[in-house]
Amino acid sequence: MTESERKIRVLVAKPGLDGHDRGAKVVARALRDAGFEVIYTGLRQTPEQIAEAALQEDVDVIGLSILSGAHMRLFPEIMKLLKEKGIDDVLVIAGGIIPEEDIKPLEKMGIKAIFGPGTPTGEIVEFIRKNIK
Amino acid sequence: MVTKEKLDISQQKRDWENNTLKKTLDKSPERRERFMTTSSRPIARLYTPTDIANLDYDRDLGFPGQYPFTRGVYPTMYRGRLWTMRMFAGFGTAEQTNARYRYLLEQGQTGLSVAFHLPTIQGLDSDDPMATGEIGVCGVAVDSLADMEILFSRIPLDKVTTSMTINAPAAVLLCLYIAAAEKQGISSTQIGGTIQNDILKEYQAQKTWIFPPDPSMRIITNTLEFCTKNVPRWNTISISGYHIREAGSTAVQELAFTLANGLTYVQAGVDAGLAIDDFAPRLSFFFDSHLDLFEEIAKFRAARRIWAREMRERFNPKNRGSYLLRFHTQTAGVSLTAQQPENNIIRTTLQALAAVLGGTQSLHTNSMDEAWALPTEKAATIALRTQQILAHESGVANTIDPLGGAYFIEALTDEMEEEVYKYFDRIEKLGGVVEAIKKGFFQREISDSAYRYQRETEEKERIIVGVNEYITDDRLEIPVLKIDPEVERTQLARLQKTRKSRNNNKVEQLLSRLQKAAEGTENLLPHILAAVREYATVGEVCNALRDVYGEYQEPIIF
């Protein structure tokens, strides 16, 4: 009973320089409506800021949203910093504009799922519920 | 006889509903309970003369080129001259983008439109740690005059006009363009083009701000003043609804917020002591053209009418150019689907048609692959051809405002206008646009609309082909533009070389003079121009101003 009362905590984070936050905000709101505790970082966060926020906020999930095309440089950096800070029990997922060919390498780095454009938000909610540790 | 018919139409409509229509509905109901536009606006089954009973031709429509310009801003419209086909392009290094520009000009494009990479847009140099992974990716990398000289090499800047999508550091890029023209022996009075320079919509929607709203507005009024005196052929602000719409707003929100922003800039110019007719004619607009054909056409028509009326009533201009709304259109990037990307060619065609039927002055058509990346040359060519087919084969350019007078279009135009005025009232009550931004009003309105659209899509109240219906086991089969990692090395090397070869003492001196001006009330542009002529970088100029003004922090709303 008490176990299930702790809400799932999600950090929705925007690395990269782009200001496209429609997707991140729609997802943040859908997750909140699904009963999760959602923290949104705001725009243009460095990998360091994101890892630090994940630590401070003690989140269960990190959702990264990026549309600038810099994901192959920034995501590995974020994953490295999370490891360095000993955050290894967090579910990391991502969305935005991420070409097909980048998905496999990103999954290898430990990003558990990439949700591309057109994904129903319910699919993300379900994935989080199923994969949370 | 005719009058009698007119009087009887509402009665006739009721008869039709009770007899003919009812029989059909009893047998087979309509496909949906509710029919609506892309913006969730309910649409009636049928529009008749009763829906436009209050329409006064003279007051509400008039003739093309005459107040209130509902039917178009020029007396001959596309019969005189087609719209400008202006394709937004920029990627990689200045050399690569320069080659693309020269290719597009050879293909019959008539104006240039520059996409800068995100570090330039944020006023950061390529060697800033925040620029990691972003160099040349979303646009062309421009750090200093050295890049600008290459970008426009062998393009005569007194012959082509150039639109630059740049906002927070717009004054810096304008000065760089002037300096690049000077290197070609062309003076600032001979060049023509546009800077977007619309900071209000950055806080509301596109989010690429640097400084807080108040100093940003000061830089904009400085730019208005500077251009009025020194760059008379320059469009100083491209007041943009595009990004508001792309962030998820409805068509009416796009229209209302954009016009409110426009009126705010005009007021700021007047408050700074400029004469209305000296700067208002150089303001232009930039709208989105989304998928709902009729709603978009009505939006463009309403935009012209409202702007003309508000400008006349509020500022009493003498020059008609001051209240005539000219606009650029881009098809809706947000409507492009990553799934089955070829279908995007058809979406873009419909949106381009709406823009033309709405009387646009210039148009960018998106390429089918842009849900994935910047367009390949082939995809961009098809998008340009789409415009040429509309212009030369479809017949839509043969007559002016072909849908004028249609019951549906006129009713929709009136309805949207009415809703725009309701938003004007709400914004006014919040203390105006800048205050409403600080209160998060626009951000909340837009985010609510975006969320509603998402819900409606997920609940299949709207069908998006290939996304929530007619889905195939899709894999991307079109080639996507890749940015060579060499771009980053080339750019960083050029930046380093520039920093070494320029007169650094002079640069420092000019930057500190700029800071002094920023602390006081002097116009900043002559100082920025002096600094960039000596190869001060975009990042250095913006950092000098950051020291004085600080950076904006947005309220987090979702």
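This text goes with the structure placed above it.
Per chain, residue numbering runs from 1 following the sequence as it is written. Naming scheme: in the order in which they are written, chains are lettered from A and ligands are numbered from 1. A pLDDT threshold of at least 70 governs which residues receive local features in this predicted model, and a stricter bar of 80 or more applies before side-chain atom pairs are shown or counted, although totals over entire chains, interfaces and linings include all residues. Where side-chain values are given, they derive from all heavy atoms of the structure, hydrogens and water being excluded.

Got a minute to help me understand a nonpolar patch on the surface in this structure?
Residues and elements named next belong to chain B. Exposure above 30% relative accessible area and the lack of any salt bridge qualify a residue for a patch; like charges then connect within 9 Å, and the nonpolar side chains Val, Leu, Ile, Met, Phe, Trp and Tyr within 5 Å. We get accessible surface area from the Shrake-Rupley algorithm with a probe of 1.4 Å; when it comes to residues, only the shown protein chains can shield them. Counted as salt bridges are all cases of a side-chain nitrogen of Lys or Arg within 4 Å of a carboxyl oxygen of Asp or Glu. Nonpolar side chains collect at one region of the surface, where Leu291, Ile346 and Leu350 lie side by side and expose about 240 Å² of accessible area between them. Each helix corresponds to a stretch of at least 4 residues labelled H or I by DSSP, and each strand to a stretch of at least 2 residues labelled E; elements are numbered beginning at the N terminus. Inspection of the secondary structure assignment puts Ile346 in helix H14 (residues 343-357). A relative accessible area of 51% means that Ile346 is categorised as exposed. Under the scheme applied here, a residue whose accessible area is under 20% of the maximum for its type counts as buried, over 50% as exposed, and between as partly exposed, the area being computed with a 1.4 Å probe on protein chains only.

Whenever I open this one, the environment of B:Tyr552 confuses me. Can you help?
All names here are of chain B. Structurally, the position occupied by Tyr552 is in the segment after helix H22 (538-549). A C-alpha to C-alpha distance of 9.0 Å links Tyr552 and Tyr203, two positions 349 residues apart in sequence. Ignoring any residue separated from it by four or fewer positions in sequence, one finds Tyr552 in contact with Tyr203, Trp209, Ile210, Phe211, Pro212, Pro213, Ile437 and Gln443. The contact rule is simple, with two residues in contact once any of their heavy atoms fall within 4.5 Å.

What is the right way to look at the interface of chain B and chain A in this model?
You'll often see interface size given as the accessible area lost when the parts meet. Across the boundary between the two partners, chain B contributes 39 residues, which contact 38 residues of chain A. Taken together, the two surfaces of chain B and chain A that pack against each other cover about 3,100 Å², and 56% of this comes from carbon and sulfur. Counting the contacts that link chain B with chain A gives three salt bridges. Here A:Asp21 makes a salt bridge to B:Lys207, at a shortest N to O gap of 2.7 Å. Residues adjacent in sequence count toward polar contacts only when both atoms are side-chain atoms; beyond that, a polar contact is any pair of N or O atoms within 3.5 Å, and within protein one must be able to donate a hydrogen and the other to accept it. Taken together, chain B and chain A are joined by 14 residue pairs in polar contact (both at pLDDT 80 or more). Secondary structure elements with two or more residues in the side of chain B that touches chain A: helix H5 (118-121), helix H8 (200-206) and helix H18 (441-458) of chain B. Looking at the side of chain B that touches chain A, the element that brings in the most residues is H18(B), giving seven residues. Gly counts as polar in this scheme, as do all residues outside two lists: the nonpolar Ala, Val, Leu, Ile, Met, Phe, Trp, Tyr, Cys and Pro, and the charged Asp, Glu, Lys and Arg. Split into classes, the residues belonging to the side of chain B that touches chain A amount to 20 nonpolar, nine polar and ten charged. Buried area is understood as the total, over both parts, of accessible area removed when two parts are fitted together, assessed with a 1.4 Å probe.

What's the story with the sheet that holds strand S5 (residues 192-195) of chain B in this structure? I'm lost.
As a general point, the strands of a sheet are linked pairwise by backbone hydrogen bonds and lie either parallel or antiparallel. Residue and element names in this part refer to chain B. Two strands pair if DSSP finds at least two bridges between them. Taken together, the five strands give an open sheet; going across it, the order is S2-S3-S4-S5-S6, and neighbouring strands pair in parallel fashion. Strands at the two margins of the open sheet, each flanked by one partner only, are strand S2 (88-89) and strand S6 (234-235). Here strand S4 (residues 161-165) runs beside S5; their pairing, made up of four bridges, is parallel. What sits directly across from Met164, in S5, is Ile195. Contacts from helix H7 (residues 170-183) reach S4, S5 and S6 within the one sheet, and its direction differs from that of S4 by about 150°. To obtain each axis, a line is fitted to C-alpha atoms, and for helices this fit is confined to the stretch in contact; angles are then taken between N-to-C directions over 0 to 180 degrees.

Explain unusual backbone geometry to me, please; I cannot follow it from the model alone.
Trans peptide bonds make up the majority, and among non-glycine residues the majority have a negative phi. In this structure, B:Pro68 follows B:Tyr67 across a cis peptide bond, with omega equal to 0°. Mapped onto the fold, B:Pro68 is located in the loop between helix H2 (57-61) and helix H3 (77-80). Although it is not a glycine, A:Asp58 adopts a positive phi angle of roughly 50°. Within the element layout of this structure, A:Asp58 appears in the loop between helix H3 (47-57) and strand S3 (61-66). You will see that B:Arg154, though not glycine, has its phi angle at about 60°, which is positive. Locating B:Arg154 in the fold gives a position in the loop between helix H6 (145-151) and S4. By relative accessible area, which is 68% here, B:Arg154 ends up exposed.

Looking at this structure, I do not really get the layout of surface pockets. What am I missing?
Gaps left between atoms are located by rolling a probe of water-molecule size over the structure's atoms. Residues and elements named next belong to chain B. Each pocket or cavity is described by its volume, and for the second largest pocket that value is around 660 Å³. The definitions used throughout rest on a 1 Å grid laid over the protein atoms alone, on which a cavity is an enclosed set of points accommodating a 1.4 Å probe that cannot get out and a pocket is an open set flanked by protein within 12 Å on both sides along at least five of seven lines; lining residues are those having an atom within 4 Å of a point. If you trace the second largest pocket, you find 23 residues lining it, with Thr38, Leu291, Asp292, Arg462 and Ile463 closest to the centre. Sorting the residues of the lining of the second largest pocket by element identifies helix H13 (293-315) and H14 as the ones contributing at least two each. Grid points are joined across faces, edges and corners, and a volume is the space filled by probe spheres set on the points.

Is there a simple way to explain the state of the cysteines in this structure?
A disulfide bridge is the covalent bond that connects two cysteines by way of their sulfur atoms. All names here are of chain B. We call a pair of cysteine sulfur atoms a disulfide whenever their separation is within 2.5 Å. The full count for this structure, using the stated rule, is zero disulfides over all chains. Unpaired in this structure, Cys138 has its nearest cysteine sulfur neighbour in Cys542, at a distance of 18 Å. The exposure class of Cys138 is partly exposed, given its relative accessible area of 25%. Looking at the unpaired Cys175, the closest cysteine sulfur is the one in Cys227, lying at 8.4 Å. Given a relative accessible area of 0%, Cys175 falls into the buried group.

How should the packing of helix H2 (residues 22-33) of chain A against helix H6 (residues 121-131) of chain A be read in this particular structure?
How two helices sit against one another is set out by the angle between their axes and by the gap between those axes. Residue and element names in this part refer to chain A. Contact geometry of H2 with H6 gives a least axis separation of 10 Å together with a crossing angle of 55°. With respect to their mutual orientation, H2 and H6 come out oblique. Crossing of H2 over H6 shows right-handed handedness. Contacts between H2 and H6 involve Val26, Val27, Ala30 and Leu31 from the former and Thr121, Ile124, Val125 and Ile128 from the latter. Angle categories are assigned with fixed cut-offs, so that under 35 degrees is roughly parallel, over 145 is roughly antiparallel, 65 to 115 is roughly perpendicular, and the rest are oblique. Crossings are assigned a handedness: left-handed for a near helix turned anticlockwise from the far helix by less than a right angle, right-handed for a clockwise turn.

What is the right way to look at empty space enclosed by the protein in this model?
All chains considered together, the criterion is met by four cavities of 30 Å³ or more. Approximately 120 Å³ is the volume found for the largest cavity. Considering the residues around the largest cavity, the lining is formed by 14 residues, among which A:Asp21, A:Lys25, B:Ala247, B:Ile446 and B:Ser447 are closest to the centre. Going through the elements one at a time, H2 of chain A together with H8 and H18 of chain B are the ones with two or more residues in the lining of the largest cavity. Of the residues contributing to the lining of the largest cavity, the split by class is six nonpolar, three polar and five charged. Within this model, the second largest cavity holds a volume of roughly 80 Å³.

It is not clear to me how the pattern of salt bridges should be interpreted in this structure. Could you clarify?
Proximity of charged atoms lets side chains of opposite charge pair with each other. Residues and elements named next belong to chain B. Scanning all chains against the criterion turns up 55 salt bridges over all chains. Of the charged contacts, one joins Arg305 and Glu417 as a salt bridge, the two residues approaching to 2.7 Å between their closest N and O atoms. With Arg305 in helix H13 and Glu417 in helix H16 (residues 407-429), the pair connects residues that are 112 residues apart, well separated along the chain. Residue Glu551 is joined to Arg546 by a salt bridge in which the shortest nitrogen-to-oxygen separation is 2.7 Å.

Whenever I open this one, helix H19 (residues 486-501) of chain B confuses me. Can you help?
Each turn of an α-helix holds 3.6 residues, which means side chains three or four residues apart point in the same direction. Helix span, as expected, comes to 1.5 Å for every residue beyond the first. Under the 1.5 Å per step criterion, the end-to-end length of H19(B) is 22 Å for 16 residues, consistent within 8% with the ideal 22 Å. Buried residues along H19(B) sit in contact with helix H4 (94-106) and H6 of chain B.

So what exactly am I meant to see when it comes to the sheet that holds strand S9 (residues 327-331) of chain B here?
Residues and elements named next belong to chain B. Read across the sheet, five strands follow the order S1-S10-S9-S8-S7 without closing on themselves; strand pairing throughout is parallel. Each edge of the sheet is formed by a strand with only one pairing partner; in this case those strands are strand S1 (84-85) and strand S7 (237-240). Sheet analysis places S7 next to strand S8 (residues 283-289), joined by four bridges and oriented parallel. Each residue of the ladder has a partner; that of Ile239, found in S8, is Phe285. Seen against the sheet, helix H11 (residues 251-271) touches S7 and S8 and runs at an angle of roughly 165° to S8. Docked against the sheet, H13 engages S8 and S9, running at close to 160° with respect to S8.

Honestly, the side chain of B:Ser144 in this entry has me stumped. Any pointers?
Topologically, B:Ser144 is positioned in the loop between H5 and H6. What B:Ser144 contacts, discounting residues up to four positions off in sequence, is B:Leu176, B:Thr498, B:Tyr535, B:Ala536 and B:Thr537.

Remember that the coordinates give geometry; whether it matters functionally is a separate question.
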